[in-house]
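Coordinate analysis (summary)
The primary structure of each chain is shown beneath.
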Amino acid sequence: MAGCCGHEARFDGLSDAYKRRLWMVIAINAAMFAVEMIAGQTAQSQALKADALDFLGDALTYGLSLAVIGASLRVRATAALLKGFSLMAMGLWVLGSTVYRVFYLGVPEAGIMGAIGVLALAANVASVLLLMAYKDGDANVRSVWLCSRNDAIGNVAVMAAALAVWAAGSGWPDLIVAGLMAALFVNSSQQIIRQALQERRQPDACLRTSPR
């Protein structure tokens, strides 16, 4: 469907089915933040802590997504901008803390990392499947999809780091994965910010009230 502004109109989240799925994803992310942060502290794993912070950020920003559904395109785009900048800040914090830990290197508990990684991956795959139909929405909706996708990728990386830590007896794989996750956060934040800025320049007529 062609948009009135020379761009394709996008789903704006105004759907009861989408809202129900988003509530479910918020609950999953909030629960996994608590689980992973405790596990990360216990295992002394920077990668687990980075992933836990990602869960927390997702839960908070998904709540913001719910709050602005039905608002004007400009308001939704502004909310997406806030999420984009917060995701970038999280990525930079993870990157900075990872660099710091390079100088205080310890070997994390690979068993805990692996077990929690499997649990977190299951949670994120469930979230991705719930949101799959809405991945091409406006900046507000798309930011939710990107965050869930990042989580799934991050969990696979954490499990790979756990295996490498166990095999090498070194904490370096954990730190490398945390750094890569930080880079992924920053890249996704740039995508969200770019789309949000484009949408802020468009009139409210350029939207879609249901997904394809």
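The rules we used
- Throughout, a residue's number is its position along its own chain's written sequence, starting from 1.
- Local features in this predicted model are restricted to residues of pLDDT 70 or higher, and side-chain atom pairs are both shown and tallied only at a pLDDT of 80 or more, whereas totals for entire chains, interfaces and linings draw on every residue.
- Computation of side-chain values covers all heavy atoms of the structure but excludes hydrogens and water.
- The secondary structure listing takes helices from DSSP runs of H or I that are at least 4 residues long and strands from runs of E that are at least 2 residues long, numbered from the N terminus.
- Categorising residues by exposure relies on relative accessible area from a 1.4 Å probe, with only protein chains included: less than 20% of the type maximum marks a residue as buried, more than 50% marks it as exposed, and the intermediate range marks it as partly exposed.
- Residues belong to one nonpolar core when they are buried, are Ala, Val, Leu, Ile, Met, Phe, Trp, Tyr or Cys, and are joined through side-chain atoms within 4.5 Å.
- Between N-to-C directions, angles span 0 to 180 degrees; the directions come from axes that are lines fitted to C-alpha atoms, helices contributing only their stretch in contact.
- Each crossing gets its handedness from the near helix: less than a right angle anticlockwise from the far helix is left-handed, clockwise is right-handed.
- The contact definition used throughout considers only heavy atoms, calling two residues in contact when any of these lie within 4.5 Å.
- Throughout this entry, Asp, Glu, Lys and Arg are counted as charged residues, while Ala, Val, Leu, Ile, Met, Phe, Trp, Tyr, Cys and Pro are counted as nonpolar. The remaining residues, Gly among them, count as polar.
- Expected helix span is given by 1.5 Å per residue-to-residue step, counting one fewer step than there are residues.
- A residue's pLDDT is the predictor's confidence in that residue, given on a scale from 0 to 100.
- For classification, angles of less than 35 degrees are called roughly parallel, those exceeding 145 degrees roughly antiparallel, those between 65 and 115 degrees roughly perpendicular, and all remaining angles oblique.

Turning our attention to the overall build of the chain. Counting its regular elements, the chain contains six helices and zero strands. The order of helices and strands in the chain, counted from the N terminus, is α-α-α-α-α-α. Looking at the chain as a whole, 51% of its 212 residues qualify as buried.

With 44 residues, the main nonpolar core has Tyr-18, Leu-22, Leu-48 and Tyr-62 as its most contacted residues. Counting residues per element, this core draws most heavily on helix H5 (residues 139-168), at ten residues.

Okay, the packing of helix H1 (residues 16-43) against H5 next. It is at 12 Å that the axes of H1 and H5 come closest, and there the two elements cross at 35°. Here H1 runs over H5; the crossing is left-handed. Contact with H1, carried on its side by Tyr-18, Leu-22, Val-25, Asn-29 and Glu-36, involves Val-141, Val-144, Ser-148, Asp-151 and Asn-155 of H5 and no other residues of that element. Here the residues of the contact of H1 with H5 sort into five nonpolar, three polar and two charged.

Attention shifts here to H1. Structural remark: α-helix, 3.6 residues per turn; residues separated by three or four positions point the same way. Here H1 is 28 residues long and its end C-alpha atoms lie 40 Å apart, about the 40 Å a rise of 1.5 Å per residue gives. Those residues of H1 not exposed but buried are Tyr-18, Leu-22, Val-25, Ile-26, Asn-29, Met-32, Glu-36, Ala-39, Gly-40 and Ala-43. Positive backbone phi, approximately 55°, marks Gln-44, located one or two places after H1.

Next up on the list: the side chain of Glu-36. With respect to the helices and strands, the residue Glu-36 is situated in helix H1. Exposure remark for Glu-36: the relative accessible area of 0% places this residue in the buried category. Dropping the residues within four chain positions of it, Glu-36 is found in contact with Leu-48, Asp-51, Ala-52, Phe-55, Ile-116, Ala-120 and Asn-155.

This part covers H5. Look at H5: 42 Å from first C-alpha to last across 30 residues, which is about the 44 Å you get at 1.5 Å a residue. At the C-terminal side of H5, Gly-169 shows a positive phi close to 65°.

Segments scoring low in pLDDT should not have their predicted coordinates read at a detailed level. Residue-level pLDDT values for the chain average 75, and 81% of them are 70 or greater. Note that residues 1-7 has pLDDT below 50 and, in this model, twelve contacts with residues that lie over four places away or in other chains.

Turning to the packing of H5 against helix H6 (residues 172-200), a few remarks are in order. At a closest axis distance of 9 Å, the pairing of H5 and H6 adopts a crossing angle of 170°. It follows from the interaxial angle that H5 and H6 lie roughly antiparallel. In terms of residue class, the contact of H5 with H6 is built from 14 nonpolar, six polar and four charged.

When you line up the elements, Asn-29 lands in helix H1. Residue Asn-29 is classed as buried on the basis of its relative accessible area of 0%. Not counting chain neighbours up to four residues away, the residues in contact with Asn-29 comprise Phe-55, Asp-58, Ala-59, Tyr-62, Ser-127 and Asp-151.

What follows is about the environment of Leu-121. With respect to the element layout, Leu-121 can be found in helix H4 (residues 110-131). Residues Leu-121 and Val-158 lie 37 residues apart in sequence; the distance between their C-alpha atoms is 9.4 Å. Excluding residues within four positions of it along the chain, Leu-121 makes contact with Ala-152, Asn-155, Val-156 and Met-159.

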